[in-house]
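# Report on the structure
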Amino acid sequence: MDQALAKTASSAPLLSVDGVTLQYKTPDHLVTATYRVSFDIQRHERLVLLGPSGCGKSTILKAMAGFLHPVEGRITLKDRVVEGPGPDRMMVFQEFDQLLPWKTVEQNVAYPMRVNGIGAQDAKERALDALAKVNLSKFADAYPHMLSGGMKQRVAIARAMAMKPDVLLMDEPYAALDALTRRKMQEELLQLWDDIGFTLVFVTHSIEEAVVIGSRIVVLSPHPGQVRAEINCAHLGLNERASPEFAELTGRISHMLFDGQNVAH
Ligand SMILES: Nc1ncnc2c1ncn2[C@@H]1O[C@H](COP(=O)(O)OP(=O)(O)O)[C@@H](O)[C@H]1O
Ligand SMILES: [Mg+2]
């Protein structure tokens, strides 16, 4: 992995967010959700977007997914401007109910592949393979209502990964889980990343989660979201949670977010 990172470090970014301003038009006014946001994502990175509620994290992710268009700036994936949704960018949401309740777990995972023209047998094999990676092989024939919230999230991750996207976009996927399940899911996600080596953009408002999950964190200011800092934290993960360095960094980010300080790293 380090070798792969080193190899791509000097090359062009996989995904580039360049001076992006995003707005919503409501009947009586214009909401500026993000203002001139810029950052790059290299292949195999785990980039976390961190900021308070309402700072535009979901909005940026939706723009990366191609559901929203910048009013200023541009987003490029492999040097091509993102103009709409595509199977090269798969999204996992916070909600537990993102699976189709009338389809089995395996059918849910296979569904986007079928829609994108992959044959039934191939899709089934890839679905089962993806389910094995998130330890859900036993539940392939179960229906979503039979699963816990954490398991449904794992199915959603398997469904996204089975498409072999260039980048996996996750919007506060664990925010609604209890603390223990959340920790287990973080562990699993990092393990999966170790196993497969995908590129991740992960949104959270939890400072601790950002440091655990991210190899790099983009800290956003409150509404409208602007980039306040970029922090490298690849050396701090689940095992370092109790370390003084971890505490020092979360403290510094907390200061940045709550006291409005602009702390360069
Ligand atoms: N569909 C929408 N219409 C109007 N305003 C919206 C819409 N979605 C989000 N916003 C506003 O845009 C800002 C950013 O929202 P969002 O991206 O959801 O923030 P976050 O994900 O960081 O909590 C907020 O002020 C929010 O109220
Ligand atoms: Mg959000």
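Residues numbered from 1 in each chain as written. Chains lettered and ligands numbered in written order. Predicted model: local features only at pLDDT ≥ 70, side-chain atom pairs only at ≥ 80, totals over all residues.

Turning next to the domain arrangement of the protein chain. A common measure of how large an interface is: the accessible area buried when the components associate. The domain architecture assigned to the protein chain consists of domain 1 (11-88 + 175-265) and domain 2 (97-164). Summarising the inter-unit geometry, the C-alpha centres of domain 1 and domain 2 are found 26 Å apart. Counting residues at the interface gives ten residues for domain 1, matched by eight residues for domain 2. When grouped by side-chain class, the residues that make up the side of domain 1 that touches domain 2 number six nonpolar, one polar and three charged. (Domains from an automatic or database assignment. Contact = placed C-beta atoms within 7 Å. Nonpolar A, V, L, I, M, F, W, Y, C, P; charged D, E, K, R; others polar.)

The next point concerns the nonpolar core. In this structure, Met 64, Ala 158, Leu 169 and Val 201 are the most contacted members of the largest nonpolar core, which totals 71 residues. At eight residues, the largest contribution of residues to this core is made by helix α5 (residues 149-162). Composition of this core by domain shows at least three residues from each of domain 1 (11-88 + 175-265) and domain 2 (97-164). Contact partners of Ala 158, with chain neighbours within four places excluded, come to Val 109, Ala 130, Leu 131, Lys 133, Val 134 and Leu 136. (Core = buried A, V, L, I, M, F, W, Y, C linked by C-beta atoms within 7 Å. Buried ≥ 20, exposed ≤ 12 C-beta atoms within 10 Å, placed from the backbone. Helix = DSSP H or I, 4+ residues; strand = E, 2+ residues; numbered from the N terminus.)

Bringing the site of ligand 1 into the picture now. Tyr 24, Ala 33, Lys 57, Ser 58 and Thr 59 are the nearest of the 13 residues found near ligand 1. Counting only elements with at least two residues in the shell around ligand 1, the list comes to β2 (30-41) and α2 (57-65). Top contributing element to the shell around ligand 1 by residue count: α2, with three residues. Class assignment of the residues belonging to the shell around ligand 1 gives a composition of four nonpolar, eight polar and one charged. (Near = placed C-beta within 6 Å.)

A sheet is described by the order of its strands in space; here six strands give the open sequence β6-β7-β8-β3-β9-β10, paired in mixed fashion. This sheet does not close on itself; its edge strands, each paired only once, are β6 (89-92) and β10 (227-232). Sheet twist, expressed as the average angle between the axes of neighbouring strands with direction ignored, equals 20 degrees. The pairing of β6 with strand β7 (residues 167-171) spans four bridges and is parallel. Within the sheet, the bridge partner assigned to Val 92 lies in β7 and is Met 170. Lying over the sheet, α5 contacts β6 and β7, oriented at roughly 180 degrees with respect to β6. (Pairing = 2+ DSSP bridges. Axes fitted to C-alpha atoms, helices over the stretch in contact; angles between N-to-C directions.)

With that out of the way, let us pick up the packing of helix α4 (residues 120-133) against α5. Here α4 crosses α5 at 130 degrees, and the two axes come no closer than 9 Å. In terms of axis orientation, α4 runs oblique to α5. Pair α4 / α5 crosses with right-handed handedness. For the pair α4 and α5, the contacting residues are Arg 126, Ala 127, Ala 130, Leu 131 and Lys 133 in the first and Ala 158, Met 161 and Ala 162 in the second. (Parallel < 35°, antiparallel > 145°, perpendicular 65-115°, else oblique. Left-handed = near helix turned anticlockwise from the far one by under 90°.)

Right, let's get into α2. Most of α2 sits inside the fold, with seven of its nine residues counted as buried. What α2 keeps buried is the set Lys 57, Thr 59, Ile 60, Leu 61, Ala 63, Met 64 and Ala 65.

This next bit is on the pairing of β7. Where burial is concerned, most of β7 is hidden: five out of the five residues are buried. Side chains Val 167, Leu 169 and Asp 171 project from β7 onto one buried face, and the interleaved Leu 168 and Met 170 project onto a second face that is buried too. Here β7 runs beside strand β8 (residues 200-204); their pairing, made up of four bridges, is parallel. Across the sheet, the residue bridging to Met 170 is Phe 202, located in β8.

Our next topic: the sheet that holds strand β5 (residues 80-81). Strand order in this open sheet of four strands is β2-β1-β4-β5, and the pairing throughout is antiparallel. At either margin of the open sheet sits one strand with a lone partner, and together these are β2 and β5. When strand β4 (residues 72-77) meets β5, the two strands line up antiparallel, connected through two bridges. Among the inter-strand pairings, Leu 77 is bridged to a residue of β5, identified as Arg 80. Each of β1 (15-25), β2 and β4 touches α2; the most contacted strand, β1, lies at about 115 degrees to it.

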